[in-house]
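A look at the structure
Listed below, chain by chain, are the residues.
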Amino acid sequence: MTVHIDLGRMAGGVPAVMDLEELLATRLLVQGNSGCGKSHLLRRLLEKSAPWVQQVIIDPEGDYVSLADKFGHLVIDASAHSEQGLHLAGDRVRRHRVPVVLDLEGLDLEGQMRRAAAFLGGLFDAEREFWTPVLVVVDEAQLFAPAVAGEVSDEARKASLGAMTNLMCRGRKRGLAGVIATQRLAKLAKNVAAEASNFLMGRTFLDIDMVRAADLLGMERRQAEMFRDLQRGRFMALGPALCRRPQEVAVGEVETVSLGASPKLMPMPEAPAEDARALILTPPEPEQLTARARRLPPPPPPDILAQLAAARPAPILDPPPPTAEETQALRREWEEIVQAMLAEPDAAYRPVNTLYQDMLLRCRIQGLGSKVPDLAGFRNLLALLRAGFGGGMDERPEWPAVQAQAAVLPEDVRGVYLLLARAALESAPCPSDAEIAEVYGSRSLSRARRVLGYIEEQGAIVCRQDLSGRRIVTLMGLGCETAPAEAATLV
Ligand SMILES: Nc1ncnc2c1ncn2[C@@H]1O[C@H](COP(=O)(O)OP(=O)(O)OP(=O)(O)O)[C@@H](O)[C@H]1O
Ligand SMILES: [Mg+2]
């Protein structure tokens with residue numbers, strides 16, 4: 001079943017639709033400066049998808065409690081519950097498939113992080129039979145997954161960052177689909193941002209943010225300036241759930257009110273000054289001190305757990321996990337798709353995000369549905385196939401050692417290491433600078449030599465030349481070396 005969420009309009013009035021099933025598999029990242037319309041966009045997405053998928057909203061400012069009225073979300077006032085209670089609530093939310101707004105307003109940052117972590121942990125730790133799809137929307141995601149340590153305790157930061165990493169990196173198998181919004185990508189932990197394959201980039205002013213947005217969308221850097229001029233409510237969209245090329249989307253209206261809407265200018269009241277003194281400085285009545293200023297629906301009943309346990313639709317059971325043969329067959333199908341992609345001209349120089357989107361599309365065309373690799377898995381496969389490790393490489397006896405050696409190197413040079421390893425294992429000639437550059441995704445031969453130098457500095461390889469100046473690379477830890485390169489290396 002394909003469900004299309006109507007986000008608004010693209011150029012020429014064409015409807016901008018989002019494929020919900022694809023979104024669940026490939027997650028979404030929204031970036032834009034304050035007031036550009038991120039929360040409005042999330043609200044539109046939530047309203048339009050509410051009939052189709054269970055939703056959990058991590059709401060630091062109590063913006064989304066108004067969804068409860070119209071769509072029946074349970075609002076959990078996080079300040080009224082312990083971390084343990086929220087962990088359990090998270091688990092029950094999955095069991096009973098209750099849509100929820102976790103309202104974190106009124107807590108200090110540390111309290112918000114700890115409680116969000118506990119609740120997300122409960123969602124994540126649910127038993128396999130309850131792994132049904134949930135859209136998990138996190139507004140102001142940089143609060144929960146900050147790029148740098150702030151003033152909160154290490155423990156709170158680790159808990160919250162861990163929960164966000166789990167959501168974005170390991171959530172898909174468990175049915176959790178992260179949708180995160182942030183004012184600045186630079187403030188968001190990289191590993192959390194990296195796992196989204198769909199992007200909606202709104203107005204941003206800082207050069208560095210514009211360039212990052214352009215990079216993520218695969219646009220040229222000279223086009224980055226356009227993000228400065230985007231109007232409120234307009235976003236550049238890209239991703240398998242949205243569109244294959246960057247397109248501008250004007251987000252449509254919403255049905256519920258945002259409690260975070262910008263204050264409107266209004267005439268000043270005409271209160272005489274003497275009343276003002278009394279209005280502001282009269283000592284408070286006792287109940288005024290304690291009553292929490294809730295602005296919308298009545299506070300949730302005290303025992304949210306009992307409420308969660310109330311009758312909900314029976315959970316849909318997942319199909320049984322695939323057998324080893326099925327996994328193997330799927331892997332071969334993925335390999336074939338990636339090989340076909342790599343055979344295309346210039347495939348080596350396209351950004352990995354673009355390739356990944358292509359991969360998702362091809363998987364769909366092949367009828368694989370949601371059986372797609374995640375981004376990390378895809379990068380791995382790409383590195384292996386670029387290095388020439390085709391079908392069955394993981395059955396070679398040396399494979400675990402190669403993998404272990406590659407794993408200690410930074411991700412961007414692993415492909416080159418694998419290329420050298422394959423040549424060494426087959427006693428083939430050492431790859432040329434051009435081959436190395438291509439696997440690295442660059443056209444620069446000097447860059448290739450620098451990468452080689454870097455891997456050597458890490459102690460993973462040793463390069464030397466034979467008497468005729470042809471390079472030989474020895475792989476430390478594997479105890480094998482390549483044959484001399486076909487031509488002498490120019491230095
Ligand atoms: N597409 C839109 N159509 C109409 N109004 C919009 C649209 N997008 C945003 N707005 C309005 O603009 C204001 C700011 O939007 P919003 O609160 O979504 O910004 P934001 O990006 O979430 O900002 P912040 O980062 O400060 O939370 C709100 O009053 C919102 O109702
Ligand atoms: Mg907002």
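These remarks concern the structure in this document.

The rules behind each value
Residues numbered from 1 in each chain as written. Chains lettered and ligands numbered in written order. Predicted model: local features only at pLDDT ≥ 70, side-chain atom pairs only at ≥ 80, totals over all residues. Heavy atoms only, no water. Helix = DSSP H or I, 4+ residues; strand = E, 2+ residues; numbered from the N terminus. Buried < 20%, exposed > 50% of the residue type's maximum accessible area, 1.4 Å probe, protein only. Areas by Shrake-Rupley, 256 points an atom, 1.4 Å probe, with all protein chains shown as cover. Near = heavy atom within 4 Å. Polar contact = N/O pair within 3.5 Å; in protein donor to acceptor, adjacent residues only side chain to side chain. Nonpolar A, V, L, I, M, F, W, Y, C, P; charged D, E, K, R; others polar. Core = buried A, V, L, I, M, F, W, Y, C linked by side-chain atoms within 4.5 Å. Contact = heavy atoms within 4.5 Å. Pairing = 2+ DSSP bridges. Axes fitted to C-alpha atoms, helices over the stretch in contact; angles between N-to-C directions. Expected span 1.5 Å × (residues − 1). Salt bridge = Lys/Arg side-chain N within 4 Å of Asp/Glu carboxyl O. Phe/Tyr/Trp six-rings, centres within 6.5 Å; stacked < 30°, edge-to-face > 60°. Lys NZ or Arg CZ within 6 Å of the ring centre and 35° of its normal. Disulfide = S-S within 2.5 Å.

We now examine the overall build of the chain. Counting secondary structure elements, the chain contains 20 helices and 14 strands. When each of the 491 residues of the chain is scored for burial, the buried share is 48%. With the model as given, the accessible surface of the chain reaches about 24,000 Å², and the carbon-plus-sulfur share is 54%.

As a matter of local geometry, ligand 1 sits amid 15 residues, with Ser34, Gly35, Lys38, Ser39 and His40 nearest to it. Side-chain polar atom of glutamate 140 to an oxygen atom of ligand 1: 3.4 Å apart, as the coordinates give it. Against a free-state accessible area of 630 Å², the protein chains account for coverage of 82% of ligand 1. With three residues, helix 2 (residues 38-49) is the largest single contributor of residues to the shell around ligand 1. Residue composition of the shell around ligand 1, grouped by class: three nonpolar, nine polar and three charged.

Let's shift gears to the nonpolar core. Counting 53 residues, the largest nonpolar core has Leu29, Ile58, Phe119, Met164 and Phe227 as the members making the most contacts within it. Counting residues per element, this core draws most heavily on helix 5 (residues 109-124), at seven residues. Among residues more than four places away in sequence, those in contact with methionine 164 are Leu120, Val138, Ala141, Phe144, Ala145, Ile180 and Val192. Core analysis: the second largest hydrophobic core is formed by 37 residues, Leu45, Leu67, Val101 and Cys243 among them.

This paragraph deals with the sheet that holds strand 8 (residues 176-182). A sheet is described by the order of its strands in space; here 11 strands give the open sequence 2-1-11-10-9-3-8-7-4-6-5, paired in mixed fashion. One side of each edge strand has no neighbouring strand; the edge strands of this open sheet are strand 2 (15-19) and strand 5 (74-77). Strand after strand, the sheet turns through a mean of 25° between neighbouring axes, direction not considered. Examined bridge by bridge, strand 9 (residues 198-201) and strand 10 (residues 234-239) share three bridges and lie antiparallel to one another. From the neighbouring strand, leucine 200 faces strand 10, where its bridge partner is alanine 237. Running at roughly 140° to strand 1 (residues 4-10), helix 2 makes contact with strand 1, strand 2, strand 3 (28-31), strand 4 (54-59), strand 7 (134-138), strand 8, strand 9, strand 10 and strand 11 (243-251) of the sheet.

With that settled, consider the environment of proline 133. Among the secondary structure elements, proline 133 is positioned in the loop between helix 5 and strand 7. Sequence separation between proline 133 and glycine 175 is 42 residues, and the spatial gap between their C-alpha atoms is 4.2 Å. Ignoring sequence-local partners within four residues, the contact set of proline 133 consists of Leu24, Val53, Gln54 and Gly175.

Another aspect to go through is helix 2. In a regular helix each residue adds 1.5 Å, so 12 residues correspond to 16 Å; helix 2 covers 16 Å between its end C-alpha atoms and thus fits that length. Judged by how many residues are buried, helix 2 sits mostly within the fold: nine of 12 residues are covered. For helix 2, the complete set of buried residues consists of Lys38, Leu41, Leu42, Arg43, Arg44, Leu45, Leu46, Glu47 and Ser49.

This part covers the pattern of salt bridges. Going through the model one piece at a time under the given rule, you end up with 28 salt bridges. Between aspartate 19 and arginine 364 there is a salt bridge whose closest N-O contact spans 3.8 Å. Here aspartate 19 is found in strand 2, whereas its partner arginine 364 is found in helix 15 (residues 352-365), with 345 residues between them in sequence. For aspartate 19, a relative accessible area of 9% translates into the label buried. Through salt bridges with shared partners, one network takes in Arg244, Glu344, Arg350, Asp358 and Arg362.

The next thing to look at is the pairing of strand 7. Taken across its five residues, strand 7 has five buried, putting it largely inside the fold. Side chains Val134, Val136 and Val138 of strand 7 all project onto a buried face; the interleaved residues Leu135 and Val137 project onto the opposite face, where all are buried too. Bridge count between strand 4 and strand 7: five bridges; the pairing is parallel. Bridge pairing in strand 7 places glutamine 55 opposite leucine 135.

Bringing the sheet that holds strand 12 (residues 461-465) into the picture now. Two strands in a sheet stick together by hydrogen bonds in their backbones, pointing the same way (parallel) or opposite ways (antiparallel). If you walk across this open sheet you meet the three strands as 12-13-14, and the pairing is antiparallel. Two strands in the sheet have a free side with no partner beyond their single neighbour: strand 12 and strand 14 (480-481). Bridging between strand 13 (residues 471-475) and strand 14 involves two bridges; their strand directions are antiparallel. Bridge pairing in strand 14 places threonine 474 opposite glutamate 481. Lying over the sheet, helix 18 (residues 411-425) contacts strand 12, strand 13 and strand 14, oriented at roughly 95° with respect to strand 13.

Attention shifts here to the packing of aromatic side chains. In the structure shown here, the tally under the stated rule is one aromatic pair. Summarising the aromatic geometry, the rings of tyrosine 356 and phenylalanine 378 are spaced 5.3 Å apart at their centres and angled 50° between planes, so their arrangement reads as tilted. Of this pair, tyrosine 356 sits in helix 15 while phenylalanine 378 sits in helix 16 (residues 375-386), placing them 22 residues apart in sequence. The residues tyrosine 356 and phenylalanine 378 share a single accessibility class, namely buried. The residue whose ring lies beneath arginine 174 is phenylalanine 124, and the NZ or CZ to ring-centre distance is 4.2 Å.

Burial analysis of strand 4 places six of its six residues in the buried class, the great majority of the element. Neither face of strand 4 is left uncovered, since the one carrying Gln54, Val56 and Ile58 and the one carrying Gln55, Ile57 and Asp59 both have all their residues buried. Note that strand 4 and strand 6 (residues 100-103) share four bridges and pair parallel. Considered in strand 6, the bridge of isoleucine 57 is made with valine 101.

Evaluation of the coordinates by the stated rule reveals zero disulfides. Looking at the unpaired cysteine 463, the closest cysteine sulfur is the one in cysteine 430, lying at 6.9 Å. Classification of cysteine 463 by relative accessible area gives partly exposed; the value is 22%.

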